[in-house]
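Inside the fold
Below are the chains, spelled out letter by letter.
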Amino acid sequence: MKYLGIVEALEADIRSGRVQLGERLPPQRTIADTLEVDLTTVTRAFNEARRRGLIAAQAGRGTFISEKIEGHRLPRSDVPSIDLSMNIPPQPANIDFRKLMSHGISDILERPGGLFHLHYQESNGTEVDRAAGAHWLSRRIADLSVNRIAVTPGAQSALFAVCALLLKPGDTIMAGATTYPGLKTVAAQQKLTIKPLSMDEQGITPDSFERACQEKSPKAFYVIPTIDNPTTSTMSASRRREIVALARKYSIPIIEDDPYSPLLPTPVITFAELARDLTWHIATLSKCATPALRIAYLIAPSPNCALRLASVLRATTIMAPPLMSALAARWIGDGTLESITKSIIAENTARQNIAASILDGIDYASIPQAPHLWLRLPEGWHARSLTDHAARIGISIIPSSAFSTGTPQIEAVRLSLGVAPDHDTLAEALTQLVDLIATPPALDTLALV
């Protein structure tokens, strides 16, 4: 019965900590409208919840979650939790980051002049650090001048700075119909409009790019062309050339967010190579090493553009963390970063193999080296609903709405495979999700508060 489904959802929310003791419930009619059920169903649910001691009415004030519930609710920290939401690289068994980082930082500080790395430095990074970035990027971008590089405190800071430099409030930036949520955050902060572009198995389509240029007069184009977040799509070289030709035709700067290229055995040619004069290339170390480094290298179209960007970085972040910049340069120079990346590729591949064996028969997109996959939901499920149901059994995932730049949106979820501490934990979480997906809810119950 529908009213019992509402009661059970409420009880699950209470015991998982999604609803707080003493919290006021919305009016019954509001709940009925939200759940798209009749008022009688909600009234029956309230009566049953009151009988179970879950809620209590206070004259003139409304209905509240009971302060005292038999058995009490489990504290949120006691609920078993498996995180499939955070898109970070796994920790390979053969890599001890505690020792690597501790020994590396100690050695940097103990060397002559080591205390320099505790001082303020140039906003775009020291020449040594920029040279290290040029060396790391040279395997996919040839003839790279150190003067075009800025060292930034992570990709998000780099993206914010580029948008602040190129755009002004009210401007339109083009991006995929689903895209990295960090772009949505930047757009909200800077009062930018995101124009959603159609996507296929290779990502953003040239036709939608040109239509947007003709209709909206956009000022920039944002893209993750390799192992897109969230869809994992990767543009072919020919598709990239088509889009570059259009960007030149309409004079559109390209912001190329490229965190995953180091994971591919044979990287596809970058926009930064195809259109150096138009492209701002962001290459973080968060996905091929660890987000703890907080280092991303940004390639500007020219040395002058790099200097202009440095002024924005100075106003927003001052500088990248000097110790982490030095550690990244050290790891690049002695081959440690390449070794870490190879281990992460191997671990990503192992985890994708686990996912493939468990998700057999389910519609999803991935590539072997990716840290995430894009699971398209069967009929009967909404992404938001599945996310809520998964949370009740201790599994966190991200619904497609978090990535959507417009409507309508696909019903899908992103599953990130890197946070689970081991293969058994990952397999258990994926198995529970498959079992959950196999039984769509009779009533798409939403949280009541």
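Located above this text is the structure these notes cover.
Rules and cut-offs
Residues numbered from 1 in each chain as written. Predicted model: local features only at pLDDT ≥ 70, side-chain atom pairs only at ≥ 80, totals over all residues. Heavy atoms only, no water. Helix = DSSP H or I, 4+ residues; strand = E, 2+ residues; numbered from the N terminus. Contact = heavy atoms within 4.5 Å. Polar contact = N/O pair within 3.5 Å; in protein donor to acceptor, adjacent residues only side chain to side chain. Expected span 1.5 Å × (residues − 1). Buried < 20%, exposed > 50% of the residue type's maximum accessible area, 1.4 Å probe, protein only. Arc of directions from axis to C-beta. Salt bridge = Lys/Arg side-chain N within 4 Å of Asp/Glu carboxyl O. Pairing = 2+ DSSP bridges. 1 Å grid on protein atoms, 1.4 Å probe; cavity = no way out; pocket = protein on both sides within 12 Å on 5 of 7 lines; lining within 4 Å. Points joined across faces, edges and corners; volume = space filled by probe spheres on them. Nonpolar A, V, L, I, M, F, W, Y, C, P; charged D, E, K, R; others polar. Disulfide = S-S within 2.5 Å. Right-handed = clockwise from strand over helix to strand, strands pointing away.

Attention shifts here to the environment of K184. Considering the arrangement of structural elements, one finds K184 in helix 7 (residues 181–190). In sequence terms K184 and T40 are 144 residues apart; their C-alpha atoms lie 40 Å from each other. Non-local contacts of K184, meaning those with residues more than four positions away in its chain, are made with I194, S401, A402, F403 and S404. A polar contact of 3.2 Å, which involves the side chain of K184, links it to the backbone oxygen of S401. Within polar-contact distance, the side chain of K184 engages the backbone oxygen of S404 at 2.9 Å.

Glancing now at helix 4 (residues 97–110). With 14 residues, helix 4 ought to run about 20 Å at 1.5 Å a step, and its terminal C-alpha atoms sit 20 Å apart, in line with that. Buried residues of helix 4: F97, M101, G104 and I108, and no others. The buried residues of helix 4 occupy one face: seen down the axis, they fall within an arc of 70°. Facing away from the buried surface of helix 4 by more than 90 degrees, the exposed residues are R98, K99, H103 and E110. As for helix 4, its buried residues are in contact with helix 12 (322–334) and helix 13 (336–358). Its side-chain oxygen 3.1 Å from the backbone nitrogen of R98, D96 forms the N-cap of helix 4.

For the coordinates displayed, the defined rule picks out twelve salt bridges. Of the charged contacts in the structure, one is a salt bridge between R330 and D107, with a shortest N-O distance of 2.4 Å. Of this pair, R330 sits in helix 12 while D107 sits in helix 4, and the two are 223 residues apart along the sequence. Take R330: its relative accessible area is 27%, and that puts it in the partly exposed class. Looking at D107, the relative accessible area reads 22%, which means it is partly exposed. A salt bridge links E338 to K342, with the nearest nitrogen and oxygen atoms 3.7 Å apart. Placement of both E338 and K342 in helix 13 is noted, with a separation of four residues, approximately one turn of the helix. E338 sits in the partly exposed class, given a relative accessible area of 34%. One network of salt bridges, with partners in common, ties together D107, R111 and R330.

What follows is about the sheet that holds strand 14 (residues 372–376). Ordered by their spatial adjacency, four strands build an open sheet running 13-14-17-16, and the pairing between neighbours is antiparallel. Both outer strands of the open sheet, strand 13 (364–365) and strand 16 (398–399), are each paired with one neighbouring strand and no more.

Here we come to the pairing of strand 14. Of all the five residues making up strand 14, four are buried; the element is thus mostly covered by neighbouring parts of the structure. Pairing of strand 13 with strand 14 involves two bridges; the strand directions are antiparallel. Its bridge partner lying in strand 14, Y364 is registered against L375. Here strand 13 folds back onto strand 14, and the loop between the two strands holds six residues. Here strand 14 runs beside strand 17 (residues 412–416); their pairing, made up of five bridges, is antiparallel. Bridge pairing links L375 to V413 in strand 17.

On to empty space enclosed by the protein, then. Tallied over the full model, the rule gives two cavities of 30 Å³ or more. Empty space within the largest cavity amounts to approximately 80 Å³. The set of elements that each furnish at least two residues to the lining of the largest cavity consists of strand 8 (203–204) and strand 9 (220–223). Per-class residue counts for the lining of the largest cavity are seven nonpolar, six polar and one charged. For the lining of the second largest cavity, a count of residues per class yields four nonpolar, four polar and two charged.

Okay, the state of the cysteines next. Here the structure, examined in full by the defined rule, presents zero disulfides. Here C305 stays unpaired: no disulfide links it, and the sulfur of C163, its closest cysteine neighbor, is 15 Å away.

Here strand 9 shows two buried faces, one formed by A220 and Y222 and the other by F221 and V223. In this sheet, strand 9 lies alongside strand 5 (residues 172–176) in parallel orientation, the contact comprising two bridges. Considered in strand 9, the bridge of M174 is made with F221. Of the strand pairs in this sheet, strand 9 and strand 10 (residues 254–257) are connected by three bridges, and their pairing is parallel. Residue pairing for strand 10: V223 is matched across the bridge by E256. A crossover links strand 9 with its parallel partner strand 10, the connecting element being helix 9 (residues 237–250), and its sense is right-handed.

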